[in-house]
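If you want the building blocks of each chain, they are given just below.
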Amino acid sequence: MFTQLVGNNVNKNYQIQSLPNTDLESMIVPVGLKAAATTEITFSAEAMNLPSGLNVYLEDKVNNTFTRLDEANASYKVT
């Protein structure tokens, strides 16, 4: 699993990334994952230290879906 830069993206993959604490509502963090074919992957998140009322979504660009991950027990499965 990796992320890429929010701005000035040069398609470089990062394992750890620091993000600014401003303009969070419009921030999109590209996330990628490499896995063997036919592997079921479950995405979940623990949203910590975020402002009250800020929602966290995962966008699946292949399936054209959005899943809210900041709610209790929220997850997204994909194969």
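So, here's what we can say about the structure. Since the structure is predicted, the reported quantities are computational estimates derived from the model, not experimental observations.

The rules behind each value
- Every chain begins its residue count from 1, and numbering advances along the sequence as written.
- The predicted origin of the model limits local features to residues at a pLDDT of at least 70 and limits the giving and counting of side-chain atom pairs to 80 or more, whereas totals for whole chains, interfaces and linings rest on all residues.
- Side-chain metrics in this entry use all non-hydrogen atoms of the structure; hydrogen atoms and water are not considered.
- A run of H or I in DSSP becomes a helix once it reaches four residues, and a run of E becomes a strand once it reaches two; helices and strands are each numbered from the N terminus.
- When a residue's accessible area, from a 1.4 Å probe over protein chains only, is under 20% of the maximum for its type it is buried; when over 50% it is exposed; and in between it is partly exposed.
- Two residues qualify as a contact provided that any one of their heavy atoms is within 4.5 Å of a heavy atom in the partner residue.
- Calculation of accessible area relied on Shrake-Rupley with a 1.4 Å probe; when residues are assessed, cover is drawn exclusively from the protein chains displayed.
- Residues scored as positive are Lys and Arg, those scored as negative are Asp and Glu, and His as well as the terminal groups of each chain are ignored.
- Charged groups are reduced to one reference atom each: NZ for lysine, CZ for arginine, CG for aspartic acid, CD for glutamic acid.
- Patch construction takes residues with relative accessible area above 30% that form no salt bridge. Like charges are linked within 9 Å, and nonpolar side chains (Val, Leu, Ile, Met, Phe, Trp, Tyr) are linked within 5 Å.
- Salt bridge, as applied in this entry: a Lys or Arg side-chain nitrogen positioned within 4 Å of an Asp or Glu carboxyl oxygen.

## Observations concerning the overall build of the protein
Helix and strand content of the protein: zero helices and six strands. Of the regular secondary structure in the protein, the N- to C-terminal order runs β-β-β-β-β-β. Counting across all 79 residues of the protein, residues that qualify as buried make up 18%. Put simply, of all contacts in the protein between residues at least 6 apart along the chain, 41% involve residues at least 24 apart. Accessible surface, the protein as shown: approximately 6500 Å² in total, 49% of it carbon and sulfur. Between the averaged position of the 5 positive side-chain charges in the protein and that of its 8 negative side-chain charges there is a distance of 10 Å.

## Here we look at a nonpolar patch on the surface
A cluster of nonpolar side chains, contributed by Met 1, Val 31 and Leu 33, occupies part of the molecular surface with about 280 Å² of accessible area. Turning to its location among the elements, Val 31 is positioned in strand β2 (residues 31-32). Residue Val 31 is classed as partly exposed on the basis of its relative accessible area of 43%.

## Structural notes on the pattern of salt bridges
For the structure shown, the criterion picks out two salt bridges. In this structure, Asp 70 and Arg 68 form a salt bridge, with 2.8 Å as the shortest nitrogen-oxygen distance. A salt bridge links Arg 68 to Glu 71, with the nearest nitrogen and oxygen atoms 3.5 Å apart. A relative accessible area of 41% means that Glu 71 is categorised as partly exposed. Because the salt bridges share partners, they merge into one network encompassing Arg 68, Asp 70 and Glu 71.

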